[in-house]
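Chain and residue survey
The lines below spell out each chain.
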Amino acid sequence: MSIAIRPLVDADVAPVVALWTAAGLTRPWNDPHKDIRRAREVWPELLLVADDDGAVVGTVMAGYDGHRGWLSYLASARRGEGIGRALVAEAERRLLALGCPKVMLMVRAENRGVIDYYAELEYARDDVAVLGKRLIPDV
């Protein structure tokens, strides 16, 4: 296995959306194509794919607002090979290089397996409530 982690390119969009869909990360109210376009407009070097000889086998979307970094859309087509860990590590490395002091992520509360996965990567629960307001409807 020779996995390269690199920024997403145009040819990756369809396989990335397919991976997100297969991993259960997409929601009807979020258009993944628009999420990719928006992310690439702001931090194109933080939307990463794991590439195995031209095949997209993993992805993570990171962002930085000058105060906190964020991770989302972590997915791997092949579990147990360390692809997700490598993607998180590279996203963290890139955020740190930008001067990002802390990285955050959101996991649906009922998704215990993913919460446990991130705990193994030294992510801890913060005592916060996440509130949201949609400014631009995707659908």
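Structure: see above.
A closer look at the side chain of Arg94
Assignment of secondary structure puts Arg94 in helix α3 (residues 83-97). By relative accessible area, which is 18% here, Arg94 ends up buried. Ignoring any residue separated from it by four or fewer positions in sequence, one finds Arg94 in contact with Pro7, Glu45, Leu46 and Leu48.

A look at the nonpolar core
Formed by 19 residues in total, the largest nonpolar core has its most connected members in Val60, Leu71, Leu87, Val88, Leu95 and Tyr123. Every element with two or more residues in this core is listed here: β2 (47-52), β3 (55-64), β4 (69-76) and α3. Discounting residues that sit within four places of it in the chain, Leu95 has contacts with Leu46, Ala62, Gly63, Tyr64, Gly69, Leu71, Cys100 and Val103. Ranked by size, the runner-up nonpolar core spans 14 residues in total, among them Leu8, Val13, Ala39 and Val49.

Describing the layout of surface pockets
Considering only enclosed or pocket space, the largest pocket measures out at about 1,900 Å³ in volume. Taken together, the elements giving at least two residues each to the lining of the largest pocket come down to α2 (32-42), β3, β4, α3 and α4 (112-120). Examining the composition of the lining of the largest pocket, we find that seven residues originate from one element, β4, more than from any other. Looking at the lining of the largest pocket, its residues break down into 24 nonpolar, eleven polar and eleven charged. If you add up the space inside the second largest pocket, you get close to 570 Å³. Taken together, 18 residues make up the lining of the second largest pocket; nearest its centre are Leu105, Val107, Ala124, Arg125 and Asp126. Going through the elements one at a time, β5 (103-105) and α4 are the ones with two or more residues in the lining of the second largest pocket. The class makeup of the residues in the lining of the second largest pocket is 14 nonpolar, no polar and four charged.

Considerations on the pairing of β4
Of the strand pairs in this sheet, β3 and β4 are connected by six bridges, and their pairing is antiparallel. Considered in β4, the bridge of Thr59 is made with Ala75. The turn joining β3 and β4, which pair antiparallel and follow one another in sequence, is formed by four residues; a positive phi near 90° is taken by Gly66. What joins β4 to β5 is α3, and the crossover it makes is right-handed.

What counts and what doesn't
- Residue numbering note: each chain is counted from 1, following its sequence as written.
- Only residues with pLDDT of at least 70 are given local features in this predicted model, and only at 80 or more are side-chain atom pairs given and counted; all residues enter the totals for whole chains, interfaces and linings.
- With hydrogens and water excluded, all non-hydrogen atoms of the structure serve as input to the side-chain values.
- Elements are defined by DSSP. Helices are runs of H or I of four residues or more, strands are runs of E of two residues or more, and each kind is numbered from the N terminus.
- Only protein chains enter the accessibility calculation, which uses a 1.4 Å probe; a residue is then buried when its area is under 20% of its type maximum, exposed when over 50%, and partly exposed in between.
- Residue contacts are defined here by distance: any two heavy atoms, one from each residue, within 4.5 Å place the two residues in contact.
- To define a nonpolar core, start from buried Ala, Val, Leu, Ile, Met, Phe, Trp, Tyr and Cys residues and group those joined through side-chain atoms within 4.5 Å.
- Buried and open spaces are told apart on a 1 Å grid over the protein atoms alone, a cavity being a set of points where a 1.4 Å probe fits but cannot get out and a pocket being an open set with protein on both sides within 12 Å along at least five of seven lines. Residues with an atom within 4 Å of a point are the lining residues.
- Grid points are joined across faces, edges and corners, and a volume is the space filled by probe spheres set on the points.
- Three classes are used, and their members are as follows: Ala, Val, Leu, Ile, Met, Phe, Trp, Tyr, Cys and Pro are nonpolar, Asp, Glu, Lys and Arg are charged, and the others, Gly among them, are polar.
- Should DSSP find at least two bridges between two strands, the strands are taken to pair.
- Place the viewer so that the strands point away; then a crossover is right-handed whenever the path from the first strand over the helix to the second strand goes clockwise.

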